[in-house]
Amino acid sequence: MRDEQHIKTLRKKAMNLPLEPGVYLMRDKSGKVIYVGKAKALKNRVSQYFGSDTNHTEKVRRMVDHVADFDVVVVGSEFEALVLECSLIKQYSPKYNILLKDDKGYCYLRVTKPPFSRISECKQQANDGADYFGPYMSSFSLKQAVDEACKVFRLATCNRPLAYGKKPTAYERPCLNYHIGQCCAPCTGKVTEADYQARVDEAVDYVLNGADKMQKTLEQRMNVAAEAENFERAAELRDKLFAIRRLSDKQKVVRSRIKEQDVVGLAVGGETACVQVFSFSKGALYGKREFLLDLPEGNAALLSEFLRRYYDNAERIPAQVTLCEPAEDKELLEQWLSEKAGRKVTLHVPERGEQAELCRMACRNAAEYLAWSEGTRGHDAAALSELQALLGLSAVPSVIECYDISHTAGQETVAAMVVFKNGRPDKKSYRKFRLQRAGGGDDPAALREVLSRRLNEYVEHEGEPDGFGRKPDVIFLDGGKAQVAAVAPVLEAFEWDVPLFGLVKDSRHRTRAVTAGDEELALSAKRSAFTLLSTIQEEVHRAAIGYHRKSRGKSRVRTALTDIPGVGKSRAEALLKAFGSLKGVKEASEEALAGVKGMTLPAAKAVRAYFDEQNLNKTEKKEG
């Protein structure tokens, strides 16, 4: 719980700090350091924590609630502050700083004992008689190398027991891997123990020493076999060499003209972020790591702090770090990284070309991993992250509302509200509106009435998890700047700080752009965001049109009943509710009609007489 009096005391202390660079340490009531930060001007930065919490993220609010006191260290420059901050975070490991933990750890190459050894990648060594090589930092690159080695040297990867010579236990037929050239079928007994072990030794050499060295070795062996006129052996070695080269060519699909670099992608969802790091060496992707970070505080600040934590203990710092978007304190970070690496290190944010595509790939992978960790779908997370960047939102929008109006020549105006949660329709939160005042085809006025009613409902249902009781992260209107201009004052009157945008259609009624007043944001370059917004606009249009058709049908039915003497609007609605449809009313007896609440016996007789006369007229027309 926020102690306002204590916050005022801390703010008063912060206002007395100097306007100089330095580092601040937030402490809890036990004196433990819970957060370390740096500042260009200590007074300005620290006092922000103890002012209004309106613009604070949940992470900052939670941290401030636990701050009992703080200390500062004044230094001579921003760079000195950055270096000291890194040192203090390493010393104290504060809970509210980014402390990088991924689920990879070290991994090992496992080779079981002969005969018919198997090779695999594993997380831990076990006392099982197998040989272990490692540890390796990159589980990704080791697993990739093991898979490649098994394919090149045609080792068994299935669960079949491998045969010992021509024992009766040998399978009669090999499995599919043999037929597609990825296994030598030791399960059939066709491969001797010595031949198979030679394959295993070559595969282990391939994994430990790399493809380049193995290619040279195989080429030398092939030439020796050819000179000795052992053409069968030479052909076998040639096939292995070609297999390695084919795999190398496939890897070139994910290559970079920058030989040594890390590519950093970011995806944010709710209060969690995922950072994906692709590591390139000799122009090829050789490793990747994902990090889930709790409670991000702005993408630029998040990336800046991540880079400081990630490279502070890194064994390798490449000459270029390619970022999906700018990081805070770019020049300071470049200076710090360059000093740690002992050579120039550049932070690069590409706008187009190969490097931009690599960043998009890293962001997509981060979104997939984040979605997997949260049980959602990867492309939804990617679309929401792209939408956040497009609209300049402070966080990824988890809850989206969209509104549309439908009417017939200005009559029988209705509206629909659809809700998307985490990129998917949340149909239980959909709402429909029958317009009470606005009409005559004035869509902006109709939307103004709808949003006024929706916000009034929020006041009554605030805190409920679905529907009107939940405040959205962003609101879209089916329409342009006129609709946005009409609704914006309503949000201001209710003191709602929810971003508001219009969805503009082209001449073919397809989503073309997003508008925020006079400015239009094109969607052509944001494919995932475009698909999501198109889906939302189509869904709200479908909901509005469907409700309008249903309402119009009911209106016509009520009109048919109100033509009967003694039956007004209230009695017509009561009859339809009691019998379910106009057909049910037509077939009801006089007694049943009279039994409906609000009906009288004379009115029931009039209804029965009306439909009896209609039936008689139809019969006479048929006979005539």
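Residues numbered from 1 in each chain as written. Predicted model: local features only at pLDDT ≥ 70, side-chain atom pairs only at ≥ 80, totals over all residues. Heavy atoms only, no water.

## Examining the overall build of the chain
Phase 1 of the analysis: From N to C terminus, the chain includes 20 helices and 19 strands.
Phase 2 of the analysis: For the chain, buried positions account for 45% of its 624 residues.
Phase 3 of the analysis: If you take every contact in the chain between residues at least 6 apart in sequence, the share linking residues at least 24 apart comes to 61%.
Phase 4 of the analysis: Total accessible area on the chain stands at roughly 32,500 Å², and carbon and sulfur atoms take up 49% of it. (Helix = DSSP H or I, 4+ residues; strand = E, 2+ residues; numbered from the N terminus. Buried < 20%, exposed > 50% of the residue type's maximum accessible area, 1.4 Å probe, protein only. Contact = heavy atoms within 4.5 Å. Areas by Shrake-Rupley, 256 points an atom, 1.4 Å probe, with all protein chains shown as cover.)

## A closer look at the sheet that holds strand 2 (residues 33-39)
Phase 1 of the analysis: Here three strands make up an open sheet; going across it, the order is 2-1-3 and the pairing antiparallel. Either end of the sheet is taken by a strand with one partner, and the two such strands are strand 2 and strand 3 (69-74). Strand-to-strand twist in this sheet, taken as the mean axis angle between neighbours without regard to direction, amounts to 20°. (Pairing = 2+ DSSP bridges. Axes fitted to C-alpha atoms, helices over the stretch in contact; angles between N-to-C directions.)

## Focus: the pairing of strand 17 (residues 500-505)
Phase 1 of the analysis: Counted residue by residue, strand 17 has five buried out of six residues, so it is predominantly covered.
Phase 2 of the analysis: As a crossover connection, the stretch from strand 16 (residues 474-478) through helix 15 (residues 481-493) into strand 17 is right-handed.
Phase 3 of the analysis: By the bridge criterion, four bridges tie strand 17 to strand 18 (residues 511-516) in an arrangement that is antiparallel. Within strand 18, the residue paired with Gly502 across the bridge is Thr515. (Right-handed = clockwise from strand over helix to strand, strands pointing away.)

## A closer look at helix 14 (residues 443-461)
Phase 1 of the analysis: Compared with the 27 Å implied by 1.5 Å per residue over 19 residues, the 27 Å span of helix 14 between its first and last C-alpha is a close match.
Phase 2 of the analysis: Every buried residue of helix 14 is accounted for by Pro444, Ala445, Ala446, Leu447, Glu449, Val450, Leu451, Arg454, Leu455 and Tyr458.
Phase 3 of the analysis: A positive phi of about 100° marks Gly463, the residue just after helix 14. (Expected span 1.5 Å × (residues − 1).)

## Topic: helix 11 (residues 330-341)
Phase 1 of the analysis: Compared with an ideal rise of 1.5 Å per residue, which puts 12 residues at 16 Å, helix 11 spans 16 Å between its outermost C-alpha atoms and is within 8% of the ideal.
Phase 2 of the analysis: Taken together, the buried positions of helix 11 are occupied by Leu332, Leu333, Glu334, Trp336, Leu337 and Ser338.
Phase 3 of the analysis: As for helix 11, its buried residues are in contact with helix 4 (78-92), helix 10 (299-312) and strand 11 (346-348).
Phase 4 of the analysis: Where helix 11 ends, the next residue or the one after it, Gly342, has phi of about 80°, a positive value.

## With respect to the environment of Gln614
Phase 1 of the analysis: Summarising the element assignment, Gln614 is placed in helix 20 (residues 601-623).
Phase 2 of the analysis: For the pair Gln614 and Lys586, spaced 28 residues apart in sequence, the C-alpha separation works out to 9.9 Å.

## Regarding the pattern of salt bridges
Phase 1 of the analysis: Using the criterion set out here, one finds 21 salt bridges in the structure.
Phase 2 of the analysis: Put simply, Arg470 and Asp426 hold a salt bridge, and the shortest N to O gap is 2.8 Å. A residue pair is termed long-range when its members are at least 10 positions apart, and Arg470 in the loop between helix 14 and strand 16 and Asp426 in the loop between strand 14 (424-425) and strand 15 (431-434) qualify at 44 residues. Residues Arg470 and Asp426 agree in their burial class; the two are buried. (Salt bridge = Lys/Arg side-chain N within 4 Å of Asp/Glu carboxyl O.)

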